[in-house]
Amino acid sequence: MHRRLQSAVSLHQAAGNSPSLARLTDLVRESDQRLKAIETLIPPALRPAVKAGPIDGENWCLLVNGNAASAKVRQLVPLLQSSLLRQGWKVKSIRLKILIAKSP
């Protein structure tokens, strides 16, 4: 039996070879940039609970750890959205997805 060795490919190389993977990489980068653009509007104690989520057209999702943090971030959504719009991001809506910690 003949075995062929597979060479390792970096994510950057793989993205360059696949348009859909390249687009996904761009969306992840853009989502991270959006979060950085608004993080100063999020209270410092809440920042670790908020992660950049998926972008779907002009809709963006923030991933939030727990119900309490989500309730607090929900109050900030209009401010966050208007800040993004002023900075040139096309964001019609920001939705929140609550991440629930799995018990061991």
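Residues numbered from 1 in each chain as written. Predicted model: local features only at pLDDT ≥ 70, side-chain atom pairs only at ≥ 80, totals over all residues. Heavy atoms only, no water.

**Things to note about the environment of L76**
- Checked against the element boundaries, L76 lands in helix α3 (residues 67–86).
- Those residues in contact with L76 that lie beyond four places of it in its chain are L41, I42 and P43. (Helix = DSSP H or I, 4+ residues; strand = E, 2+ residues; numbered from the N terminus. Contact = heavy atoms within 4.5 Å.)

**Some details on the sheet that holds strand β1 (residues 50–56)**
- Taking strand neighbours across the sheet as the criterion, the three strands line up as β1-β2-β3 in an open arrangement whose pairing is mixed. One side of each edge strand has no neighbouring strand; the edge strands of this open sheet are β1 and β3 (93–99). Direction aside, neighbouring strands of the sheet carry axes that sit 25° apart on average.
- Taken together, the seven bridges between strand β2 (residues 59–65) and β3 define a ladder with parallel strand orientation. Within β3, the residue paired with N65 across the bridge is L99.
- Contacts from helix α2 (residues 19–38) reach β1 and β2, with the element oriented near 130° to β1.
- Along the sheet face, α3 touches β1, β2 and β3 and points at about 160° away from the line of β3. (Pairing = 2+ DSSP bridges. Axes fitted to C-alpha atoms, helices over the stretch in contact; angles between N-to-C directions.)

**A closer look at α2**
- With 20 residues, α2 should cover 28 Å at 1.5 Å per step; its first-to-last C-alpha distance of 29 Å lies within 8% of that length.
- Of all the positions in α2, only T25, L27, S31, R34, L35 and I38 are classed as buried. (Expected span 1.5 Å × (residues − 1). Buried < 20%, exposed > 50% of the residue type's maximum accessible area, 1.4 Å probe, protein only.)

**Details of the nonpolar core**
- Counting 22 residues, the largest nonpolar core has L35, W60, L62, V73, L80, L84 and I94 as the members making the most contacts within it.
- Of all the secondary structure elements, the ones that give two or more residues to this core are α2, β1, β2, α3 and β3.
- Residues within four places of L84 in sequence aside, it is in contact with R34, A37, I38, W60, W89, V91 and I94. (Core = buried A, V, L, I, M, F, W, Y, C linked by side-chain atoms within 4.5 Å.)

**Remarks on the pattern of salt bridges**
- Here the structure, examined in full by the defined rule, presents three salt bridges.
- Residue R29 pairs with D26 through a salt bridge whose shortest N-O separation is 3.0 Å. Taken together, the residues span about one helical turn, with R29 and D26 both in helix α2 at a distance of three residues.
- Take R29: its relative accessible area is 44%, and that puts it in the partly exposed class.
- A residue is classified by how much of its surface remains accessible, and D26, at 36% relative accessible area, is partly exposed.
- The residue K92 makes a salt bridge to E58 at a minimum N-O spacing of 3.7 Å. Of this pair, K92 sits in the loop between α3 and β3 while E58 sits in the loop between β1 and β2; the two residues are 34 residues apart in sequence, bridging distant segments of the chain. (Salt bridge = Lys/Arg side-chain N within 4 Å of Asp/Glu carboxyl O.)

**What to know about the pairing of β2**
- In terms of burial, β2 is a largely internal element, five of the seven residues being buried.
- Here β1 runs beside β2; their pairing, made up of five bridges, is antiparallel. In the sheet register, K51 faces β2, and the bridge partner there is L63.
- Between the antiparallel neighbours β1 and β2 lie two residues, among them G57 with a positive phi of about 65°.
- Handedness of the crossover joining β2 and β3 through α3 is recorded here as right-handed. (Right-handed = clockwise from strand over helix to strand, strands pointing away.)

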